[in-house]
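Coordinate analysis (summary)
As a plain string of letters, each chain reads:
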Amino acid sequence: MPLVVVNRGKQITEGDFCLLTNRLPKIIAGALTCDNPDGKLTQADIEVWVRSADLHDIGSEKLQIVVFAGLYPERLANKVDRKKMIEDEIKKLLPPDIHGWVWVIMAESFFGEF
């Protein structure tokens, strides 16, 4: 279950930010799903945590998106293409004056529910 942490930054409007956060689960699921049985994703598998830039943050002017996802060989095979797919879908949603970055971190992980 990928976790997406979004730091709003100071330049994005509430409307654009709501549009982005509502669409992120579909974007992330589409970009990171893979043929591994444990790597198949739907929108419902994606958690999105949102925070707004704080006056104590350094370098938080831009929209920042960090994606934590499980490490599977099928994802690694074309990891740059997957990251680019996320970037491209985000760019389609936002006005051209909104700048930011996406960082996809894949690692072994162990998820459990209680």
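Counted by the stated rule, this structure contains one aromatic pair. Note on Trp-101 and Trp-103: the rings are 6.5 Å apart at their centroids and 65 degrees apart in plane angle, and the pair reads as edge-to-face. The class for Trp-101 is partly exposed, based on a relative accessible area of 36%.

What follows concerns helix 3 (residues 79-93). Spanning 15 residues, helix 3 covers 22 Å between terminal C-alpha atoms, matching the ideal 21 Å at 1.5 Å per step. Turning to helix 3, its buried residues are Arg-82, Ile-86, Ile-90 and Leu-93. Down the axis of helix 3, the smallest arc covering the buried residues is 75 degrees, so these residues share one side. Away from the buried face of helix 3 by more than 90 degrees, exposed residues Val-80, Asp-81, Lys-91 and Lys-92 are located. Buried residues along helix 3 sit in contact with helix 1 (14-32), strand 3 (63-70), helix 2 (73-76) and strand 4 (100-107).

With that settled, consider the sheet that holds strand 3. Strands sit in the order 2-1-3-4 across an open sheet of four strands; the sheet is mixed. Every other strand in the sheet has two partners, leaving strand 2 (47-51) and strand 4 as the edge strands with one partner each. For this sheet, the mean angle separating the axes of adjacent strands, direction not counted, is 15 degrees. Across five bridges, the pairing between strand 1 (residues 3-7) and strand 2 is parallel. By the bridge assignment for strand 2, Val-6 is matched with Val-50. Against the sheet, helix 3 makes contact with strand 3 and strand 4, and its axis sits at roughly 145 degrees relative to strand 4, the strand it touches most.

A large share of strand 1 lies buried, amounting to four of its five residues. With helix 1 bridging strand 1 and the parallel strand 2, this β-α-β connection has right-handed handedness. As defined by bridge partners, strand 1 adjoins strand 3 across five bridges and the pair is classed as antiparallel. In the sheet register, Val-6 faces strand 3, and the bridge partner there is Ile-65.

Applying the stated rule across the entire model yields four salt bridges. Note that Lys-84 is salt-bridged to Asp-88, the shortest N-O span being 2.8 Å. Residue Lys-84 and its partner Asp-88 are both found in helix 3; the two are separated by four residues, about one turn of the helix. Under the relative-accessibility criterion, Asp-88 is labelled partly exposed at 27%. Two residues, Glu-89 and Lys-92, come together in a salt bridge whose shortest N-O distance is 2.9 Å. With a gap of three residues between them, Glu-89 and Lys-92 both fall in helix 3, about one helical turn apart.

About the thresholds
- Residues numbered from 1 in each chain as written.
- Predicted model: local features only at pLDDT ≥ 70, side-chain atom pairs only at ≥ 80, totals over all residues.
- Heavy atoms only, no water.
- Phe/Tyr/Trp six-rings, centres within 6.5 Å; stacked < 30°, edge-to-face > 60°.
- Buried < 20%, exposed > 50% of the residue type's maximum accessible area, 1.4 Å probe, protein only.
- Helix = DSSP H or I, 4+ residues; strand = E, 2+ residues; numbered from the N terminus.
- Expected span 1.5 Å × (residues − 1).
- Arc of directions from axis to C-beta.
- Contact = heavy atoms within 4.5 Å.
- Pairing = 2+ DSSP bridges.
- Axes fitted to C-alpha atoms, helices over the stretch in contact; angles between N-to-C directions.
- Right-handed = clockwise from strand over helix to strand, strands pointing away.
- Salt bridge = Lys/Arg side-chain N within 4 Å of Asp/Glu carboxyl O.

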